[in-house]
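Residues per chain are reported as follows:
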Amino acid sequence: MKLTLSDIKSKLKFGPNGSPVLAVILFIVAFSVTLLILGGDPSDTVDSLTLGQQMKQIVESEPGEVVATINDLNYYERDLAIIKHNMLTANPQYSRLPEKQQNQVAGDQLIRQYMILQEFSRFNLSVTDEECEERIQTERKAALDMIAQGKSNGENFLKYIEGYGTTFDEYWQDEAVRTSFIEALKYDKAIEHICLIEGKKTMSNMEMNEYLTELINNDVYKITLFGEPFGKKATEGN
């Protein structure tokens, strides 16, 4: 069966209840490890040790060229590489797409994710140091429990952090990892606030996309992706 772009987008963005699979921890260093914690071997083509090595290499690389802008903020090749890496972790079939389509899927996800993080700032939301530490310790405990239970996920987790170049304890103190969990907390708070102002307990992936599209159409956000206008401006006149 030929794999299509829509197949990959569907598998990456929707869970069993229609919610975004990637909404747990989306675009950041901790995402690969969170997949290991939540269940299943994340990849049938790349082992966890290699995944950790690849992530460390990306994190330590230069930012590279600008690939997207959202209002006055730039996002770089390194940001896109992290998203592509995490998409491969979530769905190994992603690697079967041509490079151009891989970039398209990852670019769309980058815009969605960072728009939501910018919503956190636009609504003047905040997180406390205590909340951040609680998030990190919750994930740490989940990892410890998984290891203690002798599950294969525990072995995968330990292989990942070995590839990442840290011990178990060092991993949770790593600056990039801690930043990733903090950004995940901000993302979650932004989602909660958006649901609140929309008068809903939860929002499906489609509803969230409609919300973000409306922001673009109303010029709340001006966006470019790969040097081209993204959203409304990209389709006007067609």
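Parameters and conventions
Residues numbered from 1 in each chain as written. Predicted model: local features only at pLDDT ≥ 70, side-chain atom pairs only at ≥ 80, totals over all residues. Heavy atoms only, no water. Helix = DSSP H or I, 4+ residues; strand = E, 2+ residues; numbered from the N terminus. Buried < 20%, exposed > 50% of the residue type's maximum accessible area, 1.4 Å probe, protein only. Contact = heavy atoms within 4.5 Å. Areas by Shrake-Rupley, 256 points an atom, 1.4 Å probe, with all protein chains shown as cover. Pairing = 2+ DSSP bridges. Axes fitted to C-alpha atoms, helices over the stretch in contact; angles between N-to-C directions. Phe/Tyr/Trp six-rings, centres within 6.5 Å; stacked < 30°, edge-to-face > 60°. Expected span 1.5 Å × (residues − 1). Core = buried A, V, L, I, M, F, W, Y, C linked by side-chain atoms within 4.5 Å.

(A) View of the overall build of the protein. Counting its secondary structure elements, the protein contains eleven helices and four strands. Counting the 238 residues in the protein, one finds 45% classified as buried. Partitioning the contacts of the protein with sequence separation of at least 6, the portion at a separation of at least 24 is 69%. Surface accessibility of the protein: about 12,300 Å² in total, with carbon and sulfur atoms responsible for 50%.

(B) Geometry of the environment of Asn153. Of note, Asn153 is situated in helix H7 (residues 152-164). Since its relative accessible area comes to 8%, Asn153 is described here as buried. Separated by 105 residues in the primary sequence, Asn153 and Ser48 have C-alpha atoms spaced 9.8 Å apart.

(C) Broad picture of the sheet that holds strand E1 (residues 66-70). The four strands are arranged E2-E1-E3-E4 in an open sheet whose pairing can be described as antiparallel. Each end of this open sheet is capped by a strand with a single partner; those strands are strand E2 (73-76) and strand E4 (228-229). Pairing analysis gives four bridges linking E1 to E2, with the strands arranged antiparallel. Bridge assignment links Thr69 to a residue of E2, and that residue is Asn74. In the packing of helix H4 (residues 77-90) onto the sheet, the strands contacted are E1 and E2, and the crossing angle to E2 comes to about 55°.

(D) Inspection of the packing of aromatic side chains at higher detail. This structure, assessed with the given rule, holds nine aromatic pairs. For the pair Tyr160 and Tyr164, a centre-to-centre distance of 6.5 Å together with 10° between the ring planes defines the contact as stacked. Of this pair, Tyr160 and Tyr164 both sit in helix H7, four residues apart, roughly one helical turn. By relative accessible area, Tyr164 is classed as buried at 0%. Seen from their ring centres, Trp172 and Phe181 are 5.8 Å apart, and the 20° between their planes marks the pair as stacked. On the basis of relative accessibility, which here comes to 2%, the residue Trp172 falls in the buried class.

(E) The arrangement of H4 in detail. The end-to-end C-alpha distance of H4, which contains 14 residues, comes to 20 Å, matching closely the 20 Å that a straight helix rising 1.5 Å per residue would cover. With ten of 14 residues buried, H4 lies mostly within the body of the structure. Taken as a whole, H4 has its buried residues at Asp79, Leu80, Ile82, Ile83, Lys84, His85, Asn86, Met87, Leu88 and Thr89.

(F) Here's a closer look at the nonpolar core. Counting 35 residues, the largest nonpolar core has Ile70, Leu110, Ile111 and Met115 as its most contacted members. Mapped by element, the contributors of at least two residues to this core are E1, H4, helix H5 (99-122), helix H9 (175-197), helix H10 (205-217) and strand E3 (223-225). For this core, the element with the most residues is H5, which contributes nine residues. Other than its neighbours up to four places away in sequence, Ile111 contacts Ala68, Ile70, Ile223, Thr224, Leu225 and Phe230. Counting 16 residues, the second-largest nonpolar core is a separate cluster that includes Met55, Met146, Ile161 and Phe168.

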